[in-house]
Amino acid sequence: MKRKGTQMDGQAAAQEGEGQVEESPSKKAKAAKKGRGAVSILTNRAFSDLPLSEPTLKALDEMGFKTMTEIQARTIPLLLEGRDVIGAAQTGSGKTLAFLVPAIEMMHFARCLPRNGTKVIVISPTRELAMQTHHVAKGLFNHHTQTLGLAVGGVPIGKEAQQLVKGVNLLVATPGRLLDHLKKTKNFMYKNLECLVIDEADRMLGLNFKDEMEEILKRLPMKRQTMLFSATQSTEVFEFAKLSFKKKAAENEAAQPKTVYIGVDDKKPKATVSGLQQYCCIVESEEKFLALYTFLKKQRSKKTIVFFSTRQAVKFYSELLRYINIECFHMEGTQKQSAQNSNLHGFIQAKSGILLCTDVAARGIDIPSVDWVVQYDAPREPEMYIHRVGRTARGEDGEGKALIFLLTQELTFLSYLKEAKVSVMTQKIDITKTLPLQILLEKIVGENYYLSQSAKSAYKSCIEAYNSHQNKSSFNVHKLDLKGVAKSFCFSSPPKVNVSLESRPSISGPESGAARHTVQRAYEPSDLNRTVHFLRAYQSRLHARGSLVHWILIRRLECRAARCAARHTRSEFLHI
Ligand SMILES: Nc1ncnc2c1ncn2[C@@H]1O[C@H](COP(=O)(O)OP(=O)(O)OP(=O)(O)O)[C@@H](O)[C@H]1O
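Residues numbered from 1 in each chain as written. Predicted model: local features only at pLDDT ≥ 70, side-chain atom pairs only at ≥ 80, totals over all residues. Heavy atoms only, no water.

Novice: Which parts of the structure should I look at to understand the overall build of the protein chain?
Specialist: Regarding its fold elements, the protein chain presents 22 helices and 20 strands. A burial count over the protein chain gives 55% of its 576 residues as buried. Nonlocal contacts in the protein chain, meaning residues at least 24 apart in sequence, comprise 79% of its contacts between residues at least 6 apart. Total accessible area computed for the protein chain in this model is approximately 26,100 Å², and 52% of it derives from carbon and sulfur atoms. (Helix = DSSP H or I, 4+ residues; strand = E, 2+ residues; numbered from the N terminus. Buried < 20%, exposed > 50% of the residue type's maximum accessible area, 1.4 Å probe, protein only. Contact = heavy atoms within 4.5 Å. Areas by Shrake-Rupley, 256 points an atom, 1.4 Å probe, with all protein chains shown as cover.)

So, in structure tokens, the structure goes:
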């Protein structure tokens, strides 16, 4: 091993311009930390100041909600008027109530009955998030007579269909299952739909769900109120809003009030909440698991979520930790519904503990009192970083810490984070005492057929995930130290696996200087269209060349163009 302690190197420290934070902070650092407390997300506006129905006010009171958070105070009054709203606010800022309260009020004042069918649909990207939203809605429905339903993958579709036919006024659903019902459930009455909520809108309207969402939207009535909420917004959200709301206006001759965009934190210098402290630990591949092990041992009295890039890695590391007597929960997308529920609820109820998971738990999941969010594998993009760390420091006065492991070659990711208004400090993890464990781990995995198969599949999936990373400048599979990676999966030498990698990009090219010059020129025209046009033309040419410098330039240009486009489209909505 090259080093005995994982640490930030000089270049990165200079890049971040932040002090180095050791695990046992000095008095000074402790004092500084104390002063860095969370700013309350609550406003002084009470729910009772709003014209809400008695049953809703009673339920809110019973659930312990008295005053509103900023996103609630700014969106609920407009939504009660029936306006279309795009809402953006940091993770854990109370967006769920911001859309549920007005939706429930609409149904209450319309005196909806089961036979009126589905009046509100809330679409969530994952079943866990849908179940959580359903749970909050259940609390709010406590004194209402309207009906509530849930439609998610992984449970028998027949029972859901029966319920839908009986009449579900508010339906919380994942897109795949919703589409199944829209296509196949006879007598599912959704023609009276009055309100559509798309939670995590940037994800739902992005590439992954594009086809499903298009089909869903084609089938739903156009004349409705639409609410789009997320912690991070994208151009797709604004494009969707423009398209969908324009059609609605065209159908209805009467002038439509303009859609309102409310970005609670747009002017804030940071994309993450004030109660969150963020750290980065620079590791070598071979010492990555030892660093995690050391960290988890030291923080064993805390509640920690660890994110991995693949489900195979989640499975292997949870099996390994349990094998060496470190209890943990684990969650990944292919788990059975019952196993996922018991893992999630076990962790929710635990005072301390470890949850290993994929990004299935990255968005929206509200777990109380999480102390640490660790990103063992870096996220695919800064937006995902923001959602992952948002699992801690949530709600009123929420405080928490986040730690990301980065390999030396991945340090450029910090500049992408910086562009996304995220800055991290450095954290050292001293693995000196843990080093001898490596040999033991290799022995355990080597002698246990089941563990070694699991490790092999995790190792393969890790390389494949790395290979498919879009950000090649920070995550270049050809720069991976495979021997080191194998060590982190407890192999003494890399196992034989079948992985087809992209062809090796050249490190630099004779024209890289010229390309840089031309790309930089593209920043000059203030005309957005020209910049984007320029980007597209050069992107295809530069992709073919594939040098590292090109990748960086393309990525930077893309970021700028995206930000520019988002600003441009955002400006077409009414800002309040
Ligand atoms: N008005 C309020 N008063 C006190 N606590 C609140 C209030 N509104 C929401 N909360 C609490 O704040 C936490 C976060 O709320 P919620 O899950 O709605 O956040 P979110 O903005 O949807 O987060 P994410 O972007 O991660 O999905 C929850 O535990 C919730 O109970």
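Novice: Got a minute to help me understand the site of the ligand in this structure?
Specialist: In the vicinity of the ligand there are 22 residues, among which G92, K95, T96, D366 and R394 approach most closely. In the environment of the ligand, a nitrogen atom lies 2.9 Å from a nitrogen or oxygen atom belonging to the side chain of Q72. Taking 640 Å² as the accessible area of the ligand by itself, protein coverage stands at 87%. Counting residues per element, the ones that place at least two in the shell around the ligand are strand 4 (67-69) and helix 5 (95-109). (Near = heavy atom within 4 Å. Polar contact = N/O pair within 3.5 Å; in protein donor to acceptor, adjacent residues only side chain to side chain.)

Novice: I tried to follow the pattern of salt bridges on my own but got confused; where do I start?
Specialist: This structure, assessed with the given rule, holds 19 salt bridges. Two residues, E70 and R74, come together in a salt bridge whose shortest N-O distance is 3.2 Å. With E70 and R74 both in helix 4 (residues 70-80) and four residues apart, this pair spans about one turn of that helix. For E70, a relative accessible area of 30% translates into the label partly exposed. On the basis of relative accessible area, R74 is assigned to the partly exposed category, the value being 28%. R83 is the salt-bridge partner of E81, the closest N and O atoms lying 3.9 Å from each other. What makes E81 exposed here is its relative accessible area of 58%. Ionic contacts of the salt-bridge type, sharing partners, join the residues K183, E215 and R219 into one network. (Salt bridge = Lys/Arg side-chain N within 4 Å of Asp/Glu carboxyl O.)

Novice: Would you take a moment to explain the UniProt feature "short sequence motif: Q motif" (unreviewed entry) in the protein chain for this structure?
Specialist: Under the present numbering, the feature "short sequence motif: Q motif" (unreviewed entry) in UniProt falls on residues 45-73. Taken end to end, residues 45-73 has its terminal C-alpha atoms 7 Å apart, with 45% of it in helix and 17% in strand. (UniProt positions renumbered as here; feature names shortened; annotations may be inferred.)

Novice: Would you take a moment to explain the packing of helix 13 (residues 311-323) against helix 18 (residues 449-467) for this structure?
Specialist: The description of two helices packed together rests on the angle between their axes and the distance between the axes. Two elements in contact, helix 13 and helix 18, have axes separated by 8 Å at closest approach and are oriented at 145°. In terms of crossing hand, the pair formed by helix 13 and helix 18 is left-handed. Contact residues: Q312, A313, K315, F316, E319, L320 and Y323 in helix 13; Y450, L451, S454, A455, S457, A458 and S461 in helix 18. In the contact of helix 13 with helix 18, the residues fall into eight nonpolar, four polar and two charged. (Axes fitted to C-alpha atoms, helices over the stretch in contact; angles between N-to-C directions. Left-handed = near helix turned anticlockwise from the far one by under 90°. Nonpolar A, V, L, I, M, F, W, Y, C, P; charged D, E, K, R; others polar.)

Novice: How should I be thinking about the state of the cysteines in this particular structure?
Specialist: Here, the word disulfide means a covalent bond between the sulfur atoms of two cysteines. Using the criterion set out here, one finds zero disulfides in the structure. C281 provides the cysteine sulfur closest to C280, a residue in no disulfide bond, and the two sulfurs are 7.1 Å apart. As a non-bridged cysteine, C328 has C357 as the owner of its nearest cysteine sulfur, 11 Å distant. Residue classification places C328 among the buried positions, given a relative accessible area of 7%. (Disulfide = S-S within 2.5 Å.)

Novice: Would you mind showing me how to read the side chain of T294 here?
Specialist: For T294, the location among the structural elements is in helix 12 (residues 288-298). Here L290 takes part through its backbone oxygen, which lies 2.6 Å from a polar atom of the side chain of T294. Of note is the side chain of T294, whose polar atom sits 2.9 Å from the side chain of T434.

Novice: Just to check I follow, could you spell out the packing of helix 7 (residues 157-167) against helix 8 (residues 175-184) for this structure?
Specialist: Remark: helix 7 packs on helix 8, axes separated minimally by 11 Å, with the N-to-C direction vectors making an angle of 60°. Comparing their axes, helix 8 and helix 7 come out oblique. For the pair helix 7 and helix 8, the crossing hand works out as right-handed. Residue-level inspection shows I157, E160, A161 and L164 of helix 7 in contact with helix 8, the latter providing R177, D180 and H181. Residue composition of the contact of helix 7 with helix 8, by class: three nonpolar, one polar and three charged. (Parallel < 35°, antiparallel > 145°, perpendicular 65-115°, else oblique.)

Novice: Please clarify how the nonpolar core should be interpreted in this entry.
Specialist: A general trend in soluble globular proteins is that nonpolar side chains are found buried together. Counting residues in each nonpolar core, the largest one holds 86 residues, and the members touching the most others are F316, Y317 and F405. Sequence-distant contacts of F316, defined by excluding residues within four places in its chain, comprise V445, L451, S454, A455, A458, F489 and C490. By size, the runner-up hydrophobic cluster in this structure holds 41 residues, among which are L50, V85, A103 and V120. (Core = buried A, V, L, I, M, F, W, Y, C linked by side-chain atoms within 4.5 Å.)

Novice: I would appreciate a short explanation of helix 13 in the present structure.
Specialist: Owing to its 3.6 residues per turn, the α-helix aligns residues three or four sequence positions apart on the same side. For helix 13, built from 13 residues, the straight-helix expectation of 18 Å at 1.5 Å per residue is met to within 8% by its first-to-last C-alpha distance of 18 Å. Q312, A313, V314, F316, Y317, S318, E319, L320 and L321 are the residues of helix 13 that are buried. Close packing links the buried residues of helix 13 with helix 12, strand 14 (329-331), strand 15 (353-357), helix 17 (437-447), helix 18 and helix 19 (482-488). N325 occupies a position one or two residues after helix 13 and carries a positive phi of about 70°. (Expected span 1.5 Å × (residues − 1).)

Novice: In this structure, what is going on with helix 7? I would like to understand it.
Specialist: Of the positions making up helix 7, those classed as buried are E160, A161, L164 and G167. Seen from one end, helix 7 has its buried residues packed into an arc of 145°, which puts them on one side. With respect to the buried face of helix 7, the exposed residues turned more than 90 degrees away are K159, Q162 and K166. Along its buried surface, helix 7 packs onto strand 7 (148-151), strand 8 (170-173) and helix 8. (Arc of directions from axis to C-beta.)

Novice: Looking at this model, I keep getting lost on the packing of aromatic side chains. Mind explaining?
Specialist: For any pair of aromatic rings, the description consists of the separation of the ring centres together with the inter-plane angle of the planes. In this structure the tally under the stated criterion is 18 aromatic pairs. Between F238 and Y261, the ring centres sit 5.3 Å apart and the planes meet at 65°, which makes this aromatic pair edge-to-face. Of the two residues, F238 sits in helix 11 (residues 235-251) while Y261 sits in strand 11 (residues 260-263), which places them 23 residues apart along the sequence. Relative accessible area serves as the criterion here: at 0%, F238 is assigned to the buried category. With a centroid separation of 5.9 Å and an interplanar angle of 75°, the aromatic rings of Y376 and F405 are classed as edge-to-face. With Y376 in the loop between strand 16 (372-375) and helix 15 (382-389) and F405 in strand 17 (residues 400-407), this residue pair connects regions lying 29 residues apart in the sequence. Judged on exposure class, the residue Y376 and its partner F405 are both buried. An aromatic cluster of three or more residues is present, and its members are F289, F308, F316, Y317, Y376, F405, Y459, F489 and F491. The aromatic ring of Y376 is capped on one face by K288, whose charged end is 4.7 Å from the ring centroid. Positioned above the aromatic ring of F347 is the side chain of K303, whose terminal nitrogen or guanidinium carbon lies 5.3 Å from the ring centre. (Phe/Tyr/Trp six-rings, centres within 6.5 Å; stacked < 30°, edge-to-face > 60°. Lys NZ or Arg CZ within 6 Å of the ring centre and 35° of its normal.)

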